[in-house]
Amino acid sequence: MFSRWIQLSACLQILSACSALNSQNVDRRSALQQAVALGGATLLTPSTPALATSDISPIATLSDGTKFPLASFGLQIYSDDTAYKLTLTALETGYRNFFASVLAGNQRGFAKAVKDSGIPRKDLFICGSVVSNRASGFANAKRDTTTGWKRNMDAFGAGNIDYLDQIMLDYPGPDCESVLGQWEAFEEMHKQGLTKTLAVSNFSPKQLDCVLEKCSVAPVVNQLPYSVAYHPGNSVEENNKRGVLVQAWAPLGGSLGGRFSSSMKGTCAQIGKKYNKSFAQVALRWIVQSGASFNTQSKKQEHFKEDLEIFDFELTPEEMNTLGSLA
């Protein structure tokens, strides 16, 4: 599926609007629960192959040289059994990048699916996460973050996964000193060879700068709510200044990722007719052409497949501007 390996210089970074997200003390688990309750976005099925080719490779090169598939499957809140089945479906469809958040509560089911799939571990990019943002002060934050990454490794061990490609700090602590405690715990995990790269989520530029000014190992990804329906500020540009790739969560709307109104969907669908693509494919394509990656979800194989089929067409500058003006 990924036959073209044109390197994407994807050193990108952080969202100033994320500070608003953080100041509201938003719990991502609650956000995930809201998304589950809404049932996710409705996808339209294209009838024929795309008409154009794309200059964007499905594989990004992060600022540390790591290869990173732009399309990631993010597990949501459901049982380990459901996580097992959906992970196998995603693997069969072609996904190789996975975000198994601790907040979803099903890392063991995911890990068992990876083991049973027979796909070599080296062919996968697996990211876990730690939530320790309520710990205040350097020592407390470091302690809770260390406990968190150890729990990740224990859960992933159910599938004989003994290292991660990435560990993500789901939320920043209440102040810079606490964030530095969180980060030192991550750097120790990295030093032990248990994770290859480090990442953050929901970090503002100021919070990222707190890390960058003192760290030995820099974050390479910042996962943010980012979509056609919600992209406040110059998030991609701010990330780019700091060498961090934006990974969109809720890329098709829902929760804090913004709601796609019927008008927004209609505009995306109308543009998609030119390329025989669905509204969802156009919305995802807008994200990658904006210089970001995305973390998607589904429970149907046809939707898994559809979300990957966005690298064979290219939106015009006018179409990009039209979509960018919808929020």
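This one's a predicted model, so the numbers in the text were calculated from it and none came from an experiment. (Residues numbered from 1 in each chain as written. Predicted model: local features only at pLDDT ≥ 70, side-chain atom pairs only at ≥ 80, totals over all residues. Heavy atoms only, no water.)

**Focus on the nonpolar core**
Put simply, the rule reads: The term nonpolar core refers to a set of buried residues drawn from Ala, Val, Leu, Ile, Met, Phe, Trp, Tyr and Cys, joined through side-chain atoms within 4.5 Å. Burial classes follow relative accessibility: with a 1.4 Å probe on protein chains only, a residue under 20% of its type's maximum area counts as buried, one over 50% as exposed, and anything between as partly exposed. Counting from the N terminus, the helices are DSSP H or I runs at least four residues long and the strands are E runs at least two residues long.
Ranked by size, the top nonpolar core spans 73 residues in total, and within it Phe73, Phe110 and Leu315 carry the most contacts. When residues in this core are grouped by element, the largest group, eight residues, is from helix α10 (residues 279-289). Core analysis: the next-biggest nonpolar cluster, separate from the first, contains 10 residues, Leu62, Val220, Val221 and Leu245 among them.

**Quick look at the pattern of salt bridges**
Here is the rule we go by: A carboxyl oxygen of Asp or Glu within 4 Å of a side-chain nitrogen of Lys or Arg is what we treat as a salt bridge.
What the rule picks out here adds up to 12 salt bridges. Here Arg143 ties to Asp144 by a salt bridge, and the two come within 2.9 Å at their closest N and O atoms. Residue Arg143 is classed as partly exposed on the basis of its relative accessible area, which comes to 47%. Between Lys274 and Glu319 there is a salt bridge; the shortest N-O distance is 3.4 Å.

**Details of the packing of aromatic side chains**
This is how it is decided: Note on ring pairs: Phe, Tyr and Trp rings are taken, using the six-membered ring of Trp, and paired if centres are within 6.5 Å. Classes follow the plane angle, with under 30 degrees stacked, over 60 edge-to-face and the rest tilted. A ring has a charge above it when a Lys NZ or an Arg CZ is no more than 6 Å from the ring centre and no more than 35 degrees off the ring normal.
Scanning the model with the defined rule gives 11 aromatic pairs in all. Judged by centre distance (6.1 Å) and plane angle (80 degrees), the rings of Phe110 and Phe156 are edge-to-face. Of this pair, Phe110 sits in helix α4 (residues 107-117) while Phe156 sits in helix α5 (residues 138-156), placing them 46 residues apart in sequence. For the pair formed by Phe110 and Phe156, the shared burial category is buried. Its guanidinium or amino end placed over the ring of Trp149, Lys150 lies 6.0 Å from that ring's centre, counting from NZ or CZ. Over the aromatic face of Phe313 sits the side chain of Arg285, whose NZ or CZ is 5.8 Å from the ring centroid.

**Re the side chain of Gln166**
Here is the rule we go by: Note on contacts: a residue pair qualifies if any of its non-hydrogen atoms lie within 4.5 Å across the two residues.
Along the polypeptide, Gln166 turns up in strand β7 (residues 164-169). The exposure class of Gln166 is buried, given its relative accessible area of 1%. Residues contacting Gln166, with those up to four places away along its chain left out, are Leu62, Phe68, Phe125, Ile126, Cys127, Gly128, Thr195, Thr197, Leu198, Ala199, Val220 and Val221.

**Re the sheet that holds β7**
The following threshold applies: Following DSSP output, two strands are said to pair if at least two bridges run between them. Only C-alpha atoms enter the line fits that serve as axes; for helices the fit covers just the stretch in contact. Angles between N-to-C directions range over 0 to 180 degrees.
Spatial strand order, β4-β5-β6-β7-β8-β9-β10-β11: eight strands in a closed barrel with parallel pairing. Taken over all neighbouring pairs, the strand axes of this sheet differ in orientation by 30 degrees on average, direction set aside. Of the strand pairs in this sheet, strand β8 (residues 195-201) and strand β9 (residues 221-225) are connected by three bridges, and their pairing is parallel. Residue pairing across strands places Val200 opposite Asn222, the latter belonging to β9.

**Focus on the confidence of the model for the protein**
Short version of the rule: Confidence scores here are pLDDT values: one per residue, from the predictor, ranging 0 to 100.
Chain-level pLDDT for the protein is 85 on average; 82% of the residues reach the 70-or-more range. The model gives residues 1-54 a pLDDT under 50, and that stretch makes 157 contacts with residues more than four places away or in other chains.

**Considerations on the side chain of Ser132**
The line we're drawing: In protein, a polar contact means a hydrogen-donor-capable atom and an acceptor-capable atom, both N or O and within 3.5 Å, with residues adjacent in sequence counting only if both atoms are side-chain atoms; elsewhere, any N or O pair within 3.5 Å suffices.
Take Ser132: it is sitting in the loop between β6 (125-130) and α5. Residue class for Ser132 comes out buried when judged on its relative accessible area of 3%. Only 3.0 Å separates the side chain of Ser132 from the side chain of Gln182, close enough to count as a polar contact. In this view, Ser132 contacts Ala141, Asp144, Thr145, Leu169 and Gln182; residues no more than four positions away in its chain are not counted.

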